[in-house]
Amino acid sequence: MIASAARPQDRNVIGTYGGAYALYRALAVSSGLLSPLARPDLTNTHPVVEIGPYPQWSEPGKIVSLDPWGHLVADVFAEAIAEGIDVRPTIAITRARLNLPEINAELARGSLTADGTVLHPNGDISVVKAAIDPVWWLPGIAARFGVAEHVLRRTLFEQTGGMYPELVTRPDLEVFLPPIGGTTLYIFGDARALADPSRPLTCRVHDECNGSDVFGSDICTCRPYLLHGIEECVRAAQAGGVGLIVYNRKEGRALGEVTKFLVYNARKRQEGGDRADTYFERTECVAGVQDARFQQLMPDVLHWLGVTRDPSLRVDVEHEVRGPRRPRDRGAGAGADPARAHSGRRGGGDRGEEGSRVLRAATALGGGASPHLGPPAGADVSDAALLDASALLTPEAVRERAQAMLALARADRTLAWRLDETRLETVADRVAAVTRATFPDLAVPLHARWRHFVVGGRDLWAEAAAASGLAGAERRARGLRYGRSSRSCSMPALGRLGAIAPRTERSCARSEGLAVASLELLAQRRVLVAPAAAGGGR
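Residues numbered from 1 in each chain as written. Predicted model: local features only at pLDDT ≥ 70, side-chain atom pairs only at ≥ 80, totals over all residues. Heavy atoms only, no water.

Explain the overall build of the chain here, please?
Across its full length, the chain carries 20 helices and 13 strands. For the chain, with 538 residues in total, the buried portion stands at 44%. Counting only contacts in the chain whose residues sit at least 6 apart along the sequence, the fraction spanning at least 24 positions is 71%. (Helix = DSSP H or I, 4+ residues; strand = E, 2+ residues; numbered from the N terminus. Buried < 20%, exposed > 50% of the residue type's maximum accessible area, 1.4 Å probe, protein only. Contact = heavy atoms within 4.5 Å.)

Structure representation (structure tokens):
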């Protein structure tokens with residue numbers, strides 16, 4: 001792939017090296033600071049780890065948005081370079097250390113532990129990182145998006161203001177180097193493990209959000225999700241697997257920061273203020289589209305790394321709840337299933353601080369925790385973690401999650417139920433009527449699993465815990481496990497099922513009955529709550 005402007009007769013692609021930075025190179029040339037004939041000296045620039053080649057590199061349609069040989073040009077094309085052909089890398093791989101204040105805080109509180117290899121005592125994280133410039137194979141891009149190649153070429157030509165006439169005049173040139181941002185990879189642990197399906201892989205695909213990721217802007221909560229991904233990648237590498245952060249330069253859902261800030265203004269100034277139910281509508285009003293990130297291209301980097309996992313791959317792609325879209329919009333035609341992608345972002349409001357607290361609570365609860373799924377079975381809960389988890393009890397956190405679920409339902413992305421908004425008014429009237437009939441003074445008590453353990457004014461859980469000598473963090477950790485197990489027991493409770501509450505002789509029906517019964521069985525150690533085994537069961 002020859003994209004240098006120094007010898008036009010050698011060129012076999014549309015565009016040039018460096019993506020958007022090619023324009024800065026042009027400024028340097030025009031101002032006399034850079035010779036237009038300058039060529040890079042690639043001595044000692046070779047990758048610090050070996051990546052590939054892998055079978056996916058030559059499988060048609062597997063990789064269409066990057067050059068899989070882009071990091072090896074100095075070796076693979078050494079003879080051509082020696083003959084004067086200007087071939088340049090489009091991928092570079094180096095080593096680095098990350099140091100993040102949030103990671104240092106987790107290290108200090110014991111949620112993360114230094115091992116001296118992945119995570120160091122001073123908080124440094126050892127990583128291998130790779131920078132990837134986009135290289136589009138136009139026939140493959142067209143096939144990936146389900147459009148004719150000539151239509152894609154014409155549209156690219158028109159929508160870039162005719163910047164690249166070869167798109168329509170040179171159909172023989174199939175490769176295009178678009179002037180857009182690229183991708184940075186951060187690999188935690190042994191990079192060779194990426195291509196080993198027997199080694200667990202934890203991956204977060206994160207789209208750039210400069211305001212939150214770098215500056216901690218309050219209107220977006222992207223940084224906490226990125227940090228959660230980094231923490232999970234560290235844990236995966238320490239456990240013998242490998243972690244991967246894929247950081248795409250797609251600011252503002254690939255609509256740009258100007259559009260993003262215009263949307264911010266529109267969201268805040270709309271009637272009723274910033275609301276989750278109009279989150280994507282405001283974007284579409286300004287940009288004409290809700291999202292332009294196009295995850296169809298996302299799996300390419302995984303193919304470049306030789307990833308072949310399917311169900312064992314943990315991938316977290318989204319940090320926003322999206323509106324309706326076509327089913328093929330994520331990774332369609334890419335030849336890979338990026339496994340499960342978790343959605344968990346709020347739809348609106350300045351809740352960066354709250355998002356950070358919630359995420360810290362989730363990550364502090366254990367290696368398998370997520371801000372969406374809660375702590376894993378058997379997780380130990382520290383005092384600090386419980387303090388952070390108190391953010392989940394705020395009305396703002398409840399509304400945030402309710403709005404997230406509403407957005408998922410409106411997008412028809414719920415698995416077990418469907419939303420019928422025509423029934424909303426009827427349901428609201430019925431809820432209001434039942435509530436007023438049951439609590440005429442509207443003094444509605446808090447609903448909680450722990451209220452099922454209070455019978456006849458006696459706190460059965462407190463009595464059982466005191467009798468067993470539990471105290472402090474261990475008492476709270478055991479309580480969470482018991483409460484969760486009790487809830488599992490009561491899920492199928494129907495009809496006349498119930499129990500006699502011990503030491504009170506009071507009858508409790510349905511879920512309350514099974515709750516107190518399960519507590520008694522646990523207290524007598526006739527039922528044990530244990531962490532999930534390696535095989536998955538409990």
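Please explain the nonpolar core as it appears in this structure.
The nonpolar side chains of a soluble globular protein tend to be buried with one another. Judged by nonpolar contacts, the single largest core of 28 residues is most densely connected at I93, L185, L244, V301, W304 and L305. Every element with two or more residues in this core is listed here: β2 (91–98), β3 (125–132), β6 (183–189), β7 (201–207), β8 (242–248) and α13 (300–304). Residues contacting L305, with those up to four places away along its chain left out, are I51, Y54, L185, L194, A195 and L244. One finds I103, V118, L226 and V234 within the second-largest nonpolar core, a separate group that totals 18 residues. (Core = buried A, V, L, I, M, F, W, Y, C linked by side-chain atoms within 4.5 Å.)

Is there a simple way to think about the environment of R223 in this case?
Following the sequence through the fold, R223 ends up in helix α9 (residues 222–238). Every residue in contact with R223, bar those within four places of it in the chain, is listed here: L100, P101, E102, S212 and D213. Only 2.8 Å separates the side chain of R223 from the side chain of E102, close enough to count as a polar contact. (Polar contact = N/O pair within 3.5 Å; in protein donor to acceptor, adjacent residues only side chain to side chain.)

When you look at a nonpolar patch on the surface in this model, what are you seeing that I'm missing?
Together, Y21, Y24 and L27 give the surface a local cluster of nonpolar side chains, amounting to about 430 Å² of exposed area. Summarising the element assignment, Y24 is placed in helix α1 (residues 22–30). We classify Y24 as exposed; its relative accessible area is 58%. (Patch = residues over 30% accessible without salt bridge, like charges linked within 9 Å, V, L, I, M, F, W, Y side chains within 5 Å. Areas by Shrake-Rupley, 256 points an atom, 1.4 Å probe, with all protein chains shown as cover. Salt bridge = Lys/Arg side-chain N within 4 Å of Asp/Glu carboxyl O.)

I would appreciate a short explanation of the pattern of salt bridges in the present structure.
Scanning the entire structure with this criterion turns up 19 salt bridges. In this structure, the salt-bridge partner of E400 is R401, at a minimum N-O distance of 3.5 Å. Among the salt bridges present, the one from D412 reaches R418, with a minimum N-O distance of 2.9 Å. In this structure, a network of salt bridges that share partners links the residues D207, D291 and R293.

Can you walk me through unusual backbone geometry in this structure?
Peptide bonds are mostly trans, and most non-glycine residues show a negative phi. In this model, G52 is joined to P53 through a cis peptide bond whose omega is 0°. Topologically, P53 is positioned in the loop between α1 and α2 (73–76). A positive phi is found at R253, a non-glycine position, where the angle reads about 55°. With respect to the helices, strands and loops of the structure, R253 is situated in helix α10 (residues 251–254). With a relative accessible area of 10%, R253 lands in the buried category. Of note, the phi angle at A254 is positive, near 65°, even though the residue is not glycine. Along the polypeptide, A254 turns up in helix α10. Relative accessible area serves as the criterion here: at 35%, A254 is assigned to the partly exposed category.

Honestly, the pairing of β6 in this entry has me stumped. Any pointers?
Residues in a regular strand point their side chains to alternate faces of the sheet. Among the seven residues in β6, five count as buried, and that is most of the element. Bridge count between β6 and β8: seven bridges; the pairing is antiparallel. Bridged to G189 within β8 is V242. (Pairing = 2+ DSSP bridges.)

What should I look at first to understand the packing of helix α11 (residues 257–269) against helix α12 (residues 279–287) in this one?
Think of two packed helices as two axes; the pair is described by the angle between the axes and how far apart they sit. Relative orientation of the contacting elements α11 and α12 amounts to 125°, with a least axis distance of 9 Å. Judged by the inter-axis angle, α11 sits oblique to α12. Between α11 and α12 lies a crossing whose hand is right-handed. Along its contact with α11, which presents T259, L262, V263, A266 and R267, the element α12 presents Y279, R282, T283, V286 and A287. Taken together, the residues that form the contact of α11 with α12 break down as six nonpolar, two polar and two charged. (Axes fitted to C-alpha atoms, helices over the stretch in contact; angles between N-to-C directions. Parallel < 35°, antiparallel > 145°, perpendicular 65-115°, else oblique. Left-handed = near helix turned anticlockwise from the far one by under 90°. Nonpolar A, V, L, I, M, F, W, Y, C, P; charged D, E, K, R; others polar.)

Looking at this structure, I do not really get the packing of aromatic side chains. What am I missing?
This model, assessed by the stated rule, comprises seven aromatic pairs. Considering the side-chain rings of W57 and W69, the 5.0 Å spacing of their centres and the 80° angle between planes classify their relative orientation as edge-to-face. Of the two residues, W57 sits in the loop between α1 and α2 while W69 sits in the loop between α1 and α2, which places them twelve residues apart along the sequence. You can call W69 partly exposed: its relative accessible area is 35%. Here the aromatic rings of W136 and F176 are separated by 6.2 Å at their centres, their planes lie at 80°, and the arrangement is edge-to-face. Note that W136 is positioned in strand β4 (residues 136–137) and F176 in strand β5 (residues 175–177), a separation of 40 residues in sequence. Residue classification places W136 among the buried positions, given a relative accessible area of 16%. (Phe/Tyr/Trp six-rings, centres within 6.5 Å; stacked < 30°, edge-to-face > 60°.)

Can you help me understand the packing of helix α5 (residues 138–145) against helix α6 (residues 149–159) in this one?
At a minimum axis distance of 9 Å, the contact between α5 and α6 shows a crossing angle of 105°. It follows from the interaxial angle that α5 and α6 lie roughly perpendicular. In this structure, α5 uses L138, P139, I141 and A142 to contact α6, whose residues at the interface are E149, L152, R153 and L156. Considering only residue class, the contact of α5 with α6 consists of six nonpolar, no polar and two charged.

Whenever I open this one, the side chain of D207 confuses me. Can you help?
Locating D207 in the fold gives a position in strand β7. Overall, the relative accessible area of 2% leaves D207 in the buried class. Within the structure, the side chain of D207 is placed 3.2 Å from the side chain of R293, a separation counted as a polar contact.

Would you take a moment to explain the sheet that holds β5 for this structure?
One key point about sheets: their strands pair by backbone hydrogen bonds, in either a parallel or an antiparallel sense. The strand order β1-β5-β4 describes an open sheet built from three strands, whose pairing is mixed. The sheet is open, and its two borders are formed by β1 (14–15) and β4, each paired with just one other strand. In the sheet, β1 pairs with β5 via two bridges, with the strands oriented parallel. Opposite I14, over in β5, you have F176 as the bridge partner.

Would you explain α6 in this entry?
Within an α-helix, residues lying three or four positions from one another point in the same direction, as the helix has 3.6 residues per turn. Taken as a whole, α6 has its buried residues at L152, R153, L156 and F157. Projected down its long axis, α6 carries its buried residues within an arc of 130°, all on one side. In α6, the exposed positions angled more than 90 degrees off the buried face are occupied by H150 and Q159. Tucked inside the fold, the buried residues of α6 contact β1, β4, α5, α7 (166–169) and β5. (Arc of directions from axis to C-beta.)

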